[in-house]
Amino acid sequence: MTAKILRCAIYTRKSTEDGLEQEFNSLDAQFEACAAYALSQQHKGWALVDERYDDGGFSGGNMDRPSLTRLLADIAAGTIDIVLLYKIDRLTRSQTDFARIVEVMDEAGASFVSITQSFNNTTSMGRLTLNMLLSFAQFEREVTGERIRDKIAASKKKGLWMGGPVPLGYEIRDRKLHVKEDEARQVRHIMRRYLALGTVPLLVKELEDEGYRTKVQKRTRGPHKGGCLYRRGTLYHLLYRGMILHKGKAYPGEHEAIVARDLWDEVQALLRQNACGTSRRRKHRETSLLVGKVFDGEGRAMTPSSVQRNAGHYRYYVTRPEEIGSSPAWRVGANDLEAIVCWFLARQIGKARFAQELLGTDCDAKEIARVVAKADIAASQIRSGTAQKRRSLLLSIVNRIDLQEDRLEIRIDAVGLAAEFNVDSVCSRAKFIRLAIPVARTRFGHELRLIVRDEAPASRPVSKPNLALRSRRAV
(Lines give C-alpha, C1' and ligand atoms only; values in the text may rest on other atoms or scores of the structure.)
Protein backbone atom coordinates (compact mmCIF):
# COMPACT_ATOMS: atom_id res chain seq x y z
CA MET A 1 0.00 0.00 0.00
CA THR A 2 1.39 3.41 -1.00
CA ALA A 3 1.96 5.83 1.91
CA LYS A 4 0.03 9.07 1.89
CA ILE A 5 2.09 11.98 0.56
CA LEU A 6 2.82 14.49 3.34
CA ARG A 7 3.92 17.87 2.00
CA CYS A 8 6.76 19.27 4.11
CA ALA A 9 7.94 22.89 4.29
CA ILE A 10 11.17 23.98 5.97
CA TYR A 11 11.15 27.21 7.99
CA THR A 12 14.47 28.86 8.91
CA ARG A 13 15.22 32.06 10.81
CA LYS A 14 18.22 34.12 11.95
CA SER A 15 17.88 37.07 14.30
CA THR A 16 20.59 39.26 12.75
CA GLU A 17 21.86 39.95 9.23
CA ASP A 18 25.47 39.16 10.15
CA GLY A 19 26.84 36.55 7.77
CA LEU A 20 23.81 36.41 5.48
CA GLU A 21 25.93 37.71 2.61
CA GLN A 22 28.10 34.57 2.77
CA GLU A 23 27.69 31.87 0.12
CA PHE A 24 26.72 29.32 2.80
CA ASN A 25 25.11 30.93 5.84
CA SER A 26 23.14 29.88 8.91
CA LEU A 27 19.85 29.70 6.99
CA ASP A 28 21.42 27.31 4.48
CA ALA A 29 22.79 25.14 7.29
CA GLN A 30 19.36 24.90 8.92
CA PHE A 31 17.73 24.10 5.57
CA GLU A 32 20.20 21.33 4.69
CA ALA A 33 19.80 19.67 8.11
CA CYS A 34 16.00 19.72 7.80
CA ALA A 35 16.13 18.53 4.18
CA ALA A 36 18.31 15.57 5.20
CA TYR A 37 15.83 14.68 7.94
CA ALA A 38 12.92 14.84 5.47
CA LEU A 39 14.85 12.56 3.10
CA SER A 40 15.21 10.00 5.90
CA GLN A 41 11.43 9.96 6.30
CA GLN A 42 10.60 9.29 2.64
CA HIS A 43 9.30 5.84 3.55
CA LYS A 44 6.54 7.62 5.50
CA GLY A 45 5.49 9.63 2.46
CA TRP A 46 7.32 12.86 3.33
CA ALA A 47 7.99 15.13 0.34
CA LEU A 48 9.54 18.61 0.41
CA VAL A 49 7.74 21.48 -1.30
CA ASP A 50 9.74 23.61 -3.71
CA GLU A 51 9.28 26.94 -1.92
CA ARG A 52 11.67 28.04 0.84
CA TYR A 53 10.60 30.02 3.89
CA ASP A 54 13.66 31.94 5.13
CA ASP A 55 13.54 34.92 7.51
CA GLY A 56 17.01 36.43 7.77
CA GLY A 57 17.45 39.34 10.17
CA PHE A 58 14.10 38.96 11.97
CA SER A 59 13.51 38.52 15.70
CA GLY A 60 11.63 35.53 17.06
CA GLY A 61 9.90 37.76 19.61
CA ASN A 62 7.09 38.76 17.24
CA MET A 63 5.22 37.52 14.17
CA ASP A 64 6.05 40.44 11.89
CA ARG A 65 8.09 38.29 9.49
CA PRO A 66 7.37 38.01 5.74
CA SER A 67 8.21 34.31 5.28
CA LEU A 68 6.31 33.31 8.43
CA THR A 69 3.28 35.20 7.11
CA ARG A 70 3.51 33.31 3.80
CA LEU A 71 3.96 30.01 5.65
CA LEU A 72 0.86 30.52 7.80
CA ALA A 73 -1.17 31.52 4.74
CA ASP A 74 -0.10 28.37 2.87
CA ILE A 75 -0.88 26.22 5.93
CA ALA A 76 -4.35 27.75 6.18
CA ALA A 77 -4.82 27.14 2.44
CA GLY A 78 -4.12 23.42 3.00
CA THR A 79 -0.96 23.16 0.86
CA ILE A 80 1.39 22.15 3.72
CA ASP A 81 1.05 19.18 6.08
CA ILE A 82 4.29 19.33 8.11
CA VAL A 83 6.61 22.22 9.04
CA LEU A 84 10.24 21.23 9.68
CA LEU A 85 12.35 23.31 12.10
CA TYR A 86 15.96 23.04 13.21
CA LYS A 87 14.88 24.08 16.73
CA ILE A 88 11.55 25.20 18.11
CA ASP A 89 12.89 28.70 18.91
CA ARG A 90 13.43 29.23 15.17
CA LEU A 91 9.64 29.36 14.85
CA THR A 92 9.00 31.70 17.79
CA ARG A 93 10.32 32.73 21.19
CA SER A 94 6.94 33.90 22.47
CA GLN A 95 4.38 31.61 24.08
CA THR A 96 1.54 33.92 23.03
CA ASP A 97 2.61 33.86 19.38
CA PHE A 98 3.13 30.10 19.56
CA ALA A 99 -0.49 29.63 20.68
CA ARG A 100 -1.66 31.60 17.60
CA ILE A 101 0.55 29.57 15.26
CA VAL A 102 -0.64 26.26 16.73
CA GLU A 103 -4.26 27.40 16.35
CA VAL A 104 -3.71 28.00 12.62
CA MET A 105 -2.02 24.60 12.27
CA ASP A 106 -4.72 22.74 14.21
CA GLU A 107 -7.48 24.24 12.06
CA ALA A 108 -5.66 23.11 8.90
CA GLY A 109 -4.71 19.68 10.31
CA ALA A 110 -0.98 20.44 10.01
CA SER A 111 1.84 19.75 12.47
CA PHE A 112 5.50 20.65 12.96
CA VAL A 113 8.68 18.74 13.75
CA SER A 114 11.83 20.01 15.46
CA ILE A 115 14.61 17.79 14.10
CA THR A 116 16.98 18.40 17.08
CA GLN A 117 14.33 18.16 19.83
CA SER A 118 12.39 14.91 19.91
CA PHE A 119 8.90 15.15 21.40
CA ASN A 120 5.32 14.44 20.34
CA ASN A 121 3.08 17.49 20.60
CA THR A 122 -0.09 15.40 20.29
CA THR A 123 0.19 14.16 23.92
CA SER A 124 -0.19 16.09 27.16
CA MET A 125 3.41 15.31 28.19
CA GLY A 126 4.68 16.44 24.79
CA ARG A 127 2.82 19.74 25.08
CA LEU A 128 4.24 20.23 28.59
CA THR A 129 7.76 19.65 27.26
CA LEU A 130 7.10 22.08 24.40
CA ASN A 131 5.84 24.80 26.74
CA MET A 132 8.90 24.36 28.96
CA LEU A 133 11.22 24.76 25.97
CA LEU A 134 9.35 27.88 24.86
CA SER A 135 9.48 29.32 28.37
CA PHE A 136 13.26 28.97 28.43
CA ALA A 137 13.52 30.42 24.91
CA GLN A 138 11.45 33.45 25.92
CA PHE A 139 13.48 33.81 29.13
CA GLU A 140 16.73 33.70 27.13
CA ARG A 141 15.43 36.37 24.73
CA GLU A 142 14.38 38.67 27.59
CA VAL A 143 17.66 38.26 29.49
CA THR A 144 19.64 38.91 26.31
CA GLY A 145 17.55 42.04 25.65
CA GLU A 146 18.15 43.32 29.18
CA ARG A 147 21.89 42.75 28.85
CA ILE A 148 22.01 44.62 25.53
CA ARG A 149 19.95 47.50 26.91
CA ASP A 150 22.23 47.79 29.95
CA LYS A 151 25.32 47.82 27.73
CA ILE A 152 23.84 50.53 25.49
CA ALA A 153 22.86 52.66 28.50
CA ALA A 154 26.33 52.36 30.07
CA SER A 155 28.03 53.18 26.76
CA LYS A 156 25.86 56.24 26.11
CA LYS A 157 26.53 57.56 29.62
CA LYS A 158 30.20 57.57 28.62
CA GLY A 159 29.35 59.54 25.47
CA LEU A 160 29.90 56.67 23.02
CA TRP A 161 27.95 56.62 19.78
CA MET A 162 25.96 53.35 19.65
CA GLY A 163 24.68 53.37 16.09
CA GLY A 164 21.59 54.68 14.39
CA PRO A 165 21.21 57.56 11.91
CA VAL A 166 24.48 59.50 11.56
CA PRO A 167 23.97 63.13 12.70
CA LEU A 168 24.41 65.92 10.18
CA GLY A 169 27.98 67.24 10.44
CA TYR A 170 29.57 63.87 11.17
CA GLU A 171 30.72 60.69 9.43
CA ILE A 172 31.56 57.24 10.78
CA ARG A 173 35.16 56.02 10.90
CA ASP A 174 36.30 53.15 13.12
CA ARG A 175 32.80 53.02 14.68
CA LYS A 176 33.17 56.59 15.97
CA LEU A 177 31.79 59.99 14.96
CA HIS A 178 34.24 62.29 13.18
CA VAL A 179 33.56 65.82 11.98
CA LYS A 180 32.64 66.20 8.30
CA GLU A 181 33.50 69.82 7.69
CA ASP A 182 31.20 70.66 4.77
CA GLU A 183 28.18 69.38 6.73
CA ALA A 184 29.42 71.05 9.93
CA ARG A 185 29.39 74.42 8.15
CA GLN A 186 25.78 73.73 7.14
CA VAL A 187 24.81 73.04 10.77
CA ARG A 188 26.39 76.30 11.95
CA HIS A 189 24.70 78.19 9.10
CA ILE A 190 21.27 76.77 10.03
CA MET A 191 21.70 77.79 13.68
CA ARG A 192 22.83 81.32 12.82
CA ARG A 193 19.91 81.77 10.43
CA TYR A 194 17.50 80.54 13.11
CA LEU A 195 18.77 83.25 15.46
CA ALA A 196 18.45 85.84 12.69
CA LEU A 197 14.93 84.83 11.55
CA GLY A 198 13.56 84.00 15.00
CA THR A 199 11.17 81.15 14.08
CA VAL A 200 11.47 77.68 12.61
CA PRO A 201 8.73 78.14 9.93
CA LEU A 202 10.64 81.08 8.45
CA LEU A 203 13.84 79.02 8.56
CA VAL A 204 12.09 76.17 6.70
CA LYS A 205 11.02 78.56 3.93
CA GLU A 206 14.51 80.05 3.54
CA LEU A 207 16.28 76.68 3.42
CA GLU A 208 13.78 75.44 0.84
CA ASP A 209 14.35 78.51 -1.34
CA GLU A 210 18.12 78.07 -1.10
CA GLY A 211 17.96 74.37 -2.04
CA TYR A 212 19.20 72.77 1.19
CA ARG A 213 18.51 69.07 1.66
CA THR A 214 18.67 66.69 4.63
CA LYS A 215 21.53 64.22 5.09
CA VAL A 216 21.23 60.95 3.14
CA GLN A 217 21.19 57.99 5.53
CA LYS A 218 22.53 54.87 3.82
CA ARG A 219 21.01 51.62 5.10
CA THR A 220 22.08 48.02 4.60
CA ARG A 221 18.48 46.88 4.08
CA GLY A 222 15.77 48.83 2.29
CA PRO A 223 16.00 52.13 0.43
CA HIS A 224 18.23 54.96 1.62
CA LYS A 225 16.54 57.78 3.51
CA GLY A 226 17.07 61.53 3.44
CA GLY A 227 18.01 63.94 0.70
CA CYS A 228 14.66 65.73 1.01
CA LEU A 229 13.56 69.24 1.98
CA TYR A 230 13.89 70.31 5.59
CA ARG A 231 10.68 70.28 7.59
CA ARG A 232 9.86 71.78 10.96
CA GLY A 233 10.28 68.52 12.88
CA THR A 234 13.67 67.84 11.29
CA LEU A 235 14.92 71.30 12.21
CA TYR A 236 13.63 71.14 15.79
CA HIS A 237 15.51 67.85 16.17
CA LEU A 238 18.65 69.36 14.69
CA LEU A 239 18.50 72.50 16.84
CA TYR A 240 18.03 70.56 20.05
CA ARG A 241 20.56 67.84 19.30
CA GLY A 242 24.19 68.13 20.35
CA MET A 243 24.90 65.38 22.88
CA ILE A 244 24.30 61.66 23.27
CA LEU A 245 20.65 61.10 24.24
CA HIS A 246 19.27 58.12 26.12
CA LYS A 247 15.73 57.87 27.53
CA GLY A 248 15.28 61.61 27.77
CA LYS A 249 18.68 62.33 29.32
CA ALA A 250 21.62 64.00 27.56
CA TYR A 251 25.25 63.05 28.12
CA PRO A 252 28.42 64.78 26.81
CA GLY A 253 29.67 62.91 23.75
CA GLU A 254 33.25 61.84 23.11
CA HIS A 255 33.03 63.28 19.60
CA GLU A 256 34.27 66.77 18.76
CA ALA A 257 31.71 69.58 18.97
CA ILE A 258 30.94 71.39 15.71
CA VAL A 259 29.03 74.33 17.24
CA ALA A 260 30.56 76.91 19.60
CA ARG A 261 29.14 76.91 23.11
CA ASP A 262 27.86 80.51 22.97
CA LEU A 263 26.01 79.84 19.67
CA TRP A 264 24.51 76.66 21.14
CA ASP A 265 23.32 78.49 24.28
CA GLU A 266 21.69 81.27 22.21
CA VAL A 267 19.80 78.74 20.10
CA GLN A 268 18.54 76.85 23.17
CA ALA A 269 17.43 80.12 24.82
CA LEU A 270 15.42 81.11 21.72
CA LEU A 271 13.84 77.64 21.51
CA ARG A 272 12.69 77.90 25.13
CA GLN A 273 11.32 81.37 24.48
CA ASN A 274 9.32 80.17 21.45
CA ALA A 275 8.03 77.01 23.19
CA CYS A 276 4.23 76.78 23.04
CA GLY A 277 3.55 74.58 26.06
CA THR A 278 2.70 70.91 26.29
CA SER A 279 -0.64 70.73 24.52
CA ARG A 280 0.87 70.19 21.07
CA ARG A 281 3.34 67.57 22.32
CA ARG A 282 0.52 65.70 24.08
CA LYS A 283 -1.56 65.79 20.91
CA HIS A 284 1.26 64.06 19.01
CA ARG A 285 1.76 61.47 21.75
CA GLU A 286 -1.93 60.55 21.86
CA THR A 287 -2.60 59.96 18.19
CA SER A 288 -6.28 59.71 17.28
CA LEU A 289 -6.83 56.43 15.45
CA LEU A 290 -10.00 57.49 13.58
CA VAL A 291 -9.20 61.06 12.56
CA GLY A 292 -11.26 62.13 9.55
CA LYS A 293 -13.47 59.03 9.67
CA VAL A 294 -16.13 59.86 12.30
CA PHE A 295 -19.49 61.58 11.58
CA ASP A 296 -22.32 62.39 13.99
CA GLY A 297 -26.00 61.39 13.70
CA GLU A 298 -26.70 64.32 11.35
CA GLY A 299 -23.86 63.49 8.96
CA ARG A 300 -21.54 66.23 10.21
CA ALA A 301 -17.80 65.56 10.36
CA MET A 302 -16.26 65.15 13.81
CA THR A 303 -12.73 66.12 14.81
CA PRO A 304 -10.42 65.10 17.69
CA SER A 305 -10.49 67.33 20.77
CA SER A 306 -9.14 67.16 24.32
CA VAL A 307 -9.74 68.76 27.69
CA GLN A 308 -7.74 68.96 30.93
CA ARG A 309 -9.65 68.42 34.18
CA ASN A 310 -7.69 68.51 37.42
CA ALA A 311 -4.92 65.92 36.92
CA GLY A 312 -6.76 64.05 34.15
CA HIS A 313 -6.55 64.47 30.38
CA TYR A 314 -9.55 63.40 28.30
CA ARG A 315 -9.85 62.94 24.53
CA TYR A 316 -13.06 63.27 22.49
CA TYR A 317 -14.39 63.36 18.96
CA VAL A 318 -16.63 66.43 18.60
CA THR A 319 -18.70 67.91 15.78
CA ARG A 320 -16.60 70.39 13.82
CA PRO A 321 -17.37 73.96 14.99
CA GLU A 322 -17.89 75.25 11.45
CA GLU A 323 -20.66 72.67 10.86
CA ILE A 324 -22.67 73.44 14.01
CA GLY A 325 -25.98 75.11 13.17
CA SER A 326 -29.26 75.05 15.04
CA SER A 327 -28.73 71.44 16.17
CA PRO A 328 -26.51 70.71 19.18
CA ALA A 329 -22.99 69.41 18.66
CA TRP A 330 -22.18 65.78 19.39
CA ARG A 331 -19.30 64.61 21.56
CA VAL A 332 -18.01 61.06 22.09
CA GLY A 333 -15.15 59.72 24.24
CA ALA A 334 -12.24 58.94 21.90
CA ASN A 335 -10.80 56.07 23.92
CA ASP A 336 -14.20 54.36 24.18
CA LEU A 337 -15.06 54.79 20.49
CA GLU A 338 -11.66 53.55 19.32
CA ALA A 339 -11.85 50.53 21.67
CA ILE A 340 -15.29 49.55 20.35
CA VAL A 341 -14.33 49.94 16.68
CA CYS A 342 -11.09 47.96 17.13
CA TRP A 343 -12.85 45.21 19.10
CA PHE A 344 -15.67 44.85 16.55
CA LEU A 345 -13.45 44.99 13.44
CA ALA A 346 -10.98 42.46 14.85
CA ARG A 347 -13.87 40.10 15.58
CA GLN A 348 -15.51 40.53 12.16
CA ILE A 349 -12.63 40.44 9.67
CA GLY A 350 -11.35 37.12 11.01
CA LYS A 351 -14.55 35.31 10.01
CA ALA A 352 -14.63 33.19 6.86
CA ARG A 353 -17.94 34.70 5.71
CA PHE A 354 -16.33 38.14 5.82
CA ALA A 355 -13.64 36.95 3.38
CA GLN A 356 -16.36 35.46 1.17
CA GLU A 357 -18.18 38.79 1.12
CA LEU A 358 -14.96 40.51 0.10
CA LEU A 359 -14.00 37.99 -2.59
CA GLY A 360 -17.43 37.02 -3.85
CA THR A 361 -18.92 33.57 -4.44
CA ASP A 362 -16.84 32.86 -7.56
CA CYS A 363 -13.51 32.62 -5.67
CA ASP A 364 -12.21 29.19 -4.69
CA ALA A 365 -11.81 27.85 -1.16
CA LYS A 366 -8.01 28.05 -1.31
CA GLU A 367 -8.07 31.81 -1.91
CA ILE A 368 -10.66 32.29 0.83
CA ALA A 369 -8.50 30.31 3.28
CA ARG A 370 -5.46 32.43 2.41
CA VAL A 371 -7.39 35.66 2.96
CA VAL A 372 -8.74 34.35 6.27
CA ALA A 373 -5.17 33.70 7.44
CA LYS A 374 -4.12 37.24 6.48
CA ALA A 375 -7.23 38.63 8.15
CA ASP A 376 -6.41 36.78 11.37
CA ILE A 377 -2.99 38.46 11.49
CA ALA A 378 -4.56 41.87 10.75
CA ALA A 379 -7.13 41.28 13.51
CA SER A 380 -4.33 40.61 15.99
CA GLN A 381 -2.61 43.85 14.98
CA ILE A 382 -5.85 45.81 15.39
CA ARG A 383 -6.37 44.31 18.85
CA SER A 384 -2.87 44.62 20.25
CA GLY A 385 -0.54 46.23 17.70
CA THR A 386 1.32 49.49 18.13
CA ALA A 387 -0.63 52.75 17.87
CA GLN A 388 1.06 53.53 14.54
CA LYS A 389 0.21 50.11 13.06
CA ARG A 390 -3.39 50.22 14.30
CA ARG A 391 -3.90 53.74 12.93
CA SER A 392 -2.39 52.76 9.57
CA LEU A 393 -4.70 49.73 9.27
CA LEU A 394 -7.82 51.62 10.35
CA LEU A 395 -7.17 54.54 7.99
CA SER A 396 -6.64 52.03 5.15
CA ILE A 397 -9.72 49.86 5.62
CA VAL A 398 -12.28 52.14 7.32
CA ASN A 399 -14.02 54.55 4.98
CA ARG A 400 -16.53 56.12 7.40
CA ILE A 401 -18.05 55.70 10.89
CA ASP A 402 -21.52 57.13 11.56
CA LEU A 403 -22.77 57.56 15.13
CA GLN A 404 -26.49 56.89 15.55
CA GLU A 405 -28.74 56.84 18.63
CA ASP A 406 -29.07 53.05 18.65
CA ARG A 407 -26.06 51.85 16.66
CA LEU A 408 -22.66 52.56 15.18
CA GLU A 409 -22.39 52.12 11.41
CA ILE A 410 -18.97 51.25 10.00
CA ARG A 411 -18.34 51.42 6.26
CA ILE A 412 -15.37 49.29 5.16
CA ASP A 413 -13.44 50.21 2.01
CA ALA A 414 -13.37 46.92 0.08
CA VAL A 415 -10.50 48.09 -2.16
CA GLY A 416 -8.36 49.16 0.82
CA LEU A 417 -9.11 45.88 2.57
CA ALA A 418 -8.15 43.90 -0.52
CA ALA A 419 -4.85 45.78 -0.69
CA GLU A 420 -4.09 44.93 2.94
CA PHE A 421 -4.80 41.23 2.26
CA ASN A 422 -2.84 41.13 -1.04
CA VAL A 423 -5.95 40.38 -3.08
CA ASP A 424 -5.34 41.20 -6.77
CA SER A 425 -8.94 42.02 -7.57
CA VAL A 426 -12.07 42.46 -5.51
CA CYS A 427 -14.81 40.08 -6.65
CA SER A 428 -17.43 41.71 -4.45
CA ARG A 429 -19.95 43.83 -6.32
CA ALA A 430 -20.10 46.44 -3.57
CA LYS A 431 -17.37 49.05 -3.24
CA PHE A 432 -18.03 49.20 0.50
CA ILE A 433 -18.87 46.60 3.14
CA ARG A 434 -21.26 47.95 5.77
CA LEU A 435 -21.26 46.78 9.37
CA ALA A 436 -23.45 47.86 12.28
CA ILE A 437 -22.84 47.63 16.03
CA PRO A 438 -26.19 47.54 17.89
CA VAL A 439 -26.24 49.46 21.17
CA ALA A 440 -28.60 49.99 24.09
CA ARG A 441 -29.17 53.51 25.44
CA THR A 442 -28.62 53.94 29.19
CA ARG A 443 -28.62 57.28 30.98
CA PHE A 444 -26.24 58.06 33.85
CA GLY A 445 -27.10 61.49 35.21
CA HIS A 446 -26.73 64.00 32.37
CA GLU A 447 -24.70 61.59 30.27
CA LEU A 448 -26.14 59.21 27.65
CA ARG A 449 -24.10 55.99 27.56
CA LEU A 450 -24.42 53.43 24.79
CA ILE A 451 -23.74 49.82 25.81
CA VAL A 452 -22.77 47.34 23.11
CA ARG A 453 -25.08 44.33 22.73
CA ASP A 454 -24.48 40.97 21.06
CA GLU A 455 -25.64 40.75 17.48
CA ALA A 456 -28.40 38.31 18.40
CA PRO A 457 -31.66 40.28 18.88
CA ALA A 458 -32.66 38.43 22.04
CA SER A 459 -29.30 38.72 23.76
CA ARG A 460 -28.75 40.62 26.97
CA PRO A 461 -26.17 43.41 27.37
CA VAL A 462 -22.71 41.89 27.66
CA SER A 463 -19.42 43.12 29.06
CA LYS A 464 -18.07 45.01 26.07
CA PRO A 465 -16.44 48.43 25.77
CA ASN A 466 -18.85 51.23 26.68
CA LEU A 467 -19.43 54.29 24.56
CA ALA A 468 -20.36 57.56 26.23
CA LEU A 469 -22.22 59.83 23.82
CA ARG A 470 -23.81 63.13 24.68
CA SER A 471 -24.80 66.28 22.85
CA ARG A 472 -24.03 69.82 23.88
CA ARG A 473 -25.22 73.19 22.64
CA ALA A 474 -22.93 75.19 20.45
CA VAL A 475 -21.30 78.04 22.33
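Quick caveat: nothing in here was measured; it's all calculated off a predicted structure. (Residues numbered from 1 in each chain as written. Predicted model: local features only at pLDDT ≥ 70, side-chain atom pairs only at ≥ 80, totals over all residues. Heavy atoms only, no water.)

**Student:** Go over the overall build of the chain, please, and point to the residues and values.
**Tutor:** Counting secondary structure elements, the chain contains 14 helices and 18 strands. In the chain, buried positions account for 40% of the 475 residues. If you take every contact in the chain between residues at least 6 apart in sequence, the share linking residues at least 24 apart comes to 60%. Working note: accessible area of the chain is about 27,000 Å², and carbon and sulfur atoms make up 50% of it. (Helix = DSSP H or I, 4+ residues; strand = E, 2+ residues; numbered from the N terminus. Buried < 20%, exposed > 50% of the residue type's maximum accessible area, 1.4 Å probe, protein only. Contact = heavy atoms within 4.5 Å. Areas by Shrake-Rupley, 256 points an atom, 1.4 Å probe, with all protein chains shown as cover.)

**Student:** Before we move on, could you go through the packing of helix 5 (residues 181-197) against helix 8 (residues 261-274) and cite the residues and values that matter?
**Tutor:** Closest axis-to-axis distance for the helix 5/helix 8 pair is 10 Å, and the angle between their directions is 45 degrees. It follows that helix 5 is oblique to helix 8 by the angle criterion. Where helix 5 crosses over helix 8, the handedness of that crossing is left-handed. Facing Arg188, Met191, Arg192, Tyr194 and Leu195 of helix 5, the residues of helix 8 in contact are Leu263, Trp264, Glu266, Val267, Leu270, Leu271 and Asn274. Split by residue class, the contact of helix 5 with helix 8 holds 8 nonpolar, 1 polar and 3 charged. (Axes fitted to C-alpha atoms, helices over the stretch in contact; angles between N-to-C directions. Parallel < 35°, antiparallel > 145°, perpendicular 65-115°, else oblique. Left-handed = near helix turned anticlockwise from the far one by under 90°. Nonpolar A, V, L, I, M, F, W, Y, C, P; charged D, E, K, R; others polar.)

**Student:** Residues and numbers for the packing of aromatic side chains, please.
**Tutor:** Where two aromatic rings form a pair, the distance of their centres and the angle of their planes describe that pair. Inspection of every chain in the model, using the stated rule, returns 3 aromatic pairs. Measuring from centroid to centroid gives 6.0 Å for Tyr37 and Trp46, while their planes differ by 55 degrees, and the two rings are tilted. For Trp46, a relative accessible area of 11% translates into the label buried. Taking the centre distance of 6.0 Å and the plane angle of 55 degrees together, the rings of Trp343 and Phe344 count as tilted. Phe344 sits in the buried class, given a relative accessible area of 2%. Here the guanidinium or amino end of Arg331 rests over the ring plane of Tyr316, the centre of that ring lying 4.4 Å away. (Phe/Tyr/Trp six-rings, centres within 6.5 Å; stacked < 30°, edge-to-face > 60°. Lys NZ or Arg CZ within 6 Å of the ring centre and 35° of its normal.)

**Student:** Provide a residue-level description of helix 10 (residues 334-349), including the pertinent values.
**Tutor:** Between its first and last C-alpha, helix 10 extends 22 Å over 16 residues, near the 22 Å set by a 1.5 Å rise per residue. Within the sequence span of helix 10, burial applies to Ala334, Leu337, Glu338, Ile340, Val341, Cys342, Phe344, Leu345, Ala346, Gln348 and Ile349. (Expected span 1.5 Å × (residues − 1).)

**Student:** Describe the pairing of strand 6 (residues 170-173), naming the residues involved and giving the relevant values.
**Tutor:** Taken together, the 4 bridges between strand 6 and strand 7 (residues 176-179) define a ladder with antiparallel strand orientation. Its bridge partner being in strand 7, Glu171 is matched across the sheet by His178. Following strand 6, the chain reverses through 2 residues before pairing antiparallel with strand 7; Asp174 in that reversal takes a positive phi of roughly 55 degrees. (Pairing = 2+ DSSP bridges.)

**Student:** Give a detailed account of the nonpolar core, specifying residues and quantitative values.
**Tutor:** Among the nonpolar cores identified, the biggest contains 37 residues, and Leu290, Leu337, Leu403 and Ile410 are the most heavily contacted of them. Looking at this core, the elements with two or more residues in it are strand 13 (329-333), helix 10, helix 12 (365-384), helix 13 (387-397), strand 14 (398-403), strand 15 (407-413) and strand 16 (432-444). The element contributing the most residues to this core is helix 10, with 9 residues. Contacts of Ile410, omitting those with residues within four sequence positions, involve Val341, Phe344, Leu345, Val398, Arg400, Ile401, Ile433, Arg434, Leu435 and Ile437. (Core = buried A, V, L, I, M, F, W, Y, C linked by side-chain atoms within 4.5 Å.)

**Student:** So what's going on with the packing of helix 2 (residues 66-76) against helix 12? Residues and values would help.
**Tutor:** Contact geometry for helix 2 and helix 12: axes closest at 7 Å, N-to-C directions at 135 degrees. It follows from the interaxial angle that helix 2 and helix 12 lie oblique. Judged by the twist between their axes, the crossing of helix 2 over helix 12 is right-handed. Mapping the contact onto sequence places Thr69, Leu72, Ala73 and Ala76 in helix 2 and Ala369, Arg370, Ala373, Lys374 and Ile377 in helix 12. Of the residues belonging to the contact of helix 2 with helix 12, the class tally is 6 nonpolar, 1 polar and 2 charged.

**Student:** Got a sec to walk through helix 6 (residues 200-210)? Specific residues and values, please.
**Tutor:** Every buried residue belonging to helix 6 is among Val200, Leu203, Val204, Glu206 and Leu207, and all of these are buried. Here helix 6 starts with a cap whose side-chain oxygen sits 3.5 Å from the backbone nitrogen of Leu202, and that cap is Thr199. Looking one or two residues past helix 6, Gly211 carries a phi angle of roughly 85 degrees, positive in sign. (Polar contact = N/O pair within 3.5 Å; in protein donor to acceptor, adjacent residues only side chain to side chain.)

**Student:** Please give an account of a nonpolar patch on the surface that cites residues and values.
**Tutor:** A contiguous nonpolar surface patch, about 330 Å² in accessible area, is contributed by Leu128, Met132 and Phe136. Counting through the fold element by element, Leu128 comes out in helix 4 (residues 124-157). (Patch = residues over 30% accessible without salt bridge, like charges linked within 9 Å, V, L, I, M, F, W, Y side chains within 5 Å. Salt bridge = Lys/Arg side-chain N within 4 Å of Asp/Glu carboxyl O.)

**Student:** An account of the confidence of the model for the chain is needed here, citing residue identities and associated values.
**Tutor:** Per-residue confidence for the chain averages 76 on the pLDDT scale, and 74% of its residues sit at or above 70. Overall, residues 277-284 carries pLDDT values under 50, and its contacts beyond four positions in sequence, including any with other chains, amount to 3 contacts. (pLDDT = per-residue confidence, 0-100.)

**Student:** Would you mind going over a negative patch on the surface in detail, with residue names and values included?
**Tutor:** On the surface, Glu103, Asp106, Glu107 and Asp376 cluster together into a negatively charged patch. Here the negative patch takes 3 residues from helix 3 (residues 95-108), the largest share from any one element. Relative to the assigned elements, Asp106 resides in helix 3. On the accessibility criterion, Asp106 (48% relative accessible area) is partly exposed. (Lys, Arg positive; Asp, Glu negative; His and termini not counted. Charge placed at Lys NZ, Arg CZ, Asp CG, Glu CD.)

**Student:** Give me the lowdown on the pattern of salt bridges, citing residues and values where you can.
**Tutor:** Two side chains bearing opposite charge may form a pair once their charged atoms approach each other closely. Taken as a whole, this structure holds 17 salt bridges when the rule is applied. Here Asp54 makes a salt bridge to Arg52, at a shortest N to O gap of 2.9 Å. Classification of Asp54 as partly exposed rests on a relative accessible area of 24%. What makes Arg52 partly exposed here is its relative accessible area of 30%. In this structure, Asp89 engages Arg93 in a salt bridge whose closest nitrogen and oxygen atoms are separated by 3.3 Å. Across the pair, exposure class does not vary: Asp89 and Arg93 are buried alike. Within the structure, one salt-bridge network assembled from shared partners comprises Asp28, Arg52 and Asp54.

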